[in-house]
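Survey of secondary and tertiary structure
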Amino acid sequence: MGKFSKLRMKILTGNADTDIAFSELRQLLLRLRFNERIKGSHHIFTRENIEEIINLQPKDGKAKPYQVKQVRILLMKYRMGEYSVD
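Conventions used here
- Residues numbered from 1 in each chain as written.
- Predicted model: local features only at pLDDT ≥ 70, side-chain atom pairs only at ≥ 80, totals over all residues.
- Heavy atoms only, no water.
- Helix = DSSP H or I, 4+ residues; strand = E, 2+ residues; numbered from the N terminus.
- Rg over C-alpha atoms; globule rule 2.2 N^0.38 Å.
- Buried < 20%, exposed > 50% of the residue type's maximum accessible area, 1.4 Å probe, protein only.
- Contact = heavy atoms within 4.5 Å.
- Areas by Shrake-Rupley, 256 points an atom, 1.4 Å probe, with all protein chains shown as cover.
- Pairing = 2+ DSSP bridges.
- Axes fitted to C-alpha atoms, helices over the stretch in contact; angles between N-to-C directions.
- Core = buried A, V, L, I, M, F, W, Y, C linked by side-chain atoms within 4.5 Å.
- Parallel < 35°, antiparallel > 145°, perpendicular 65-115°, else oblique.
- Nonpolar A, V, L, I, M, F, W, Y, C, P; charged D, E, K, R; others polar.
- Polar contact = N/O pair within 3.5 Å; in protein donor to acceptor, adjacent residues only side chain to side chain.

Time to look at the overall build of the chain. Along the chain, the regular secondary structure elements total three helices and five strands. For 86 residues, the compact-globule estimate of 2.2 N^0.38 gives 12 Å, and the C-alpha radius of gyration of the chain, at 12 Å, lies within 12% of that figure. Dimensions of the chain, computed from the C-alpha atoms along their principal axes, are close to 35 × 30 × 20 Å. Classification of the 86 residues of the chain by burial places 37% in the buried group. Look at the contacts in the chain between residues 6 or more apart in sequence, and 52% of them connect residues 24 or more apart. For the chain, the computed accessible surface area is about 5,300 Å², with 49% contributed by carbon and sulfur atoms.

Next up on the list: the sheet that holds strand 2 (residues 42–47). With antiparallel pairing, the three strands of this open sheet are ordered in space as 1-2-3. Only two strands of the sheet have a single neighbouring strand rather than two, namely strand 1 (35–39) and strand 3 (50–56). Shown here is a sheet whose adjacent strand axes are inclined to one another by a mean of 20 degrees, direction ignored. The sheet contact formed by strand 1 and strand 2 spans five bridges and is antiparallel.

What follows concerns the nonpolar core. The biggest cluster of nonpolar side chains holds 21 residues, and the ones touching the most others in it are Ile11, Leu25, Phe34 and Ile54. Where this core is concerned, the elements lending two or more residues are helix 1 (3–13), helix 2 (22–31), strand 3 and helix 3 (65–77). For Ile54, the contacting residues outside a window of four places in its chain are Leu29, Phe34, His43, Ile44, Phe45, Val71 and Leu74.

The next thing to look at is the packing of helix 1 against helix 3. Any two packed helices are characterised by how steeply their axes cross, that is the angle between the axes, and by the distance between the axes. Closest axis-to-axis distance for the helix 1/helix 3 pair is 9 Å, and the angle between their directions is 100 degrees. It follows that helix 1 is roughly perpendicular to helix 3 by the angle criterion. Taken together, the residues of helix 3 that come into contact with helix 1 (itself represented by Arg8, Ile11 and Leu12) are Val68, Arg72, Leu75 and Met76. Its residues assigned to classes, the contact of helix 1 with helix 3 comprises five nonpolar, no polar and two charged.

Right, let's get into the side chain of Gln67. Along the chain, the position of Gln67 falls in helix 3. There is a polar contact of 3.3 Å between the side chain of Gln67 and the side chain of Tyr66. Discounting chain neighbours no more than four positions away, the residues touching Gln67 are Asn55, Leu56 and Gln57.

Here it is, written out as C-alpha cells:
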C-alpha cells in the first residue's frame, strides 16, 4: 500500500484528524482529480460531478480537523476510497 492509500485510510478511520499534514491532504485531493484554485490562504477544490466544494486552509502545516472530516464525508459519499491513488 502506497503513501496516499495509507493517508486515505487514515482519513477514513477518523482516528487522526488533528495529525494530517496539509500538503499531503492537498496532494491526495489532486490525485483524486480535484481542481485547485488558490485565493490567499484558501485552497478551494472542485471536481466535475461533485456539487460540494472543499475549502482548506493550513494551520501550522496541518489541515484543520473539521476540514479533514469534510474530506472524509466526501470520500465516503462519492466512494472515492475504492481505487488506488498511488
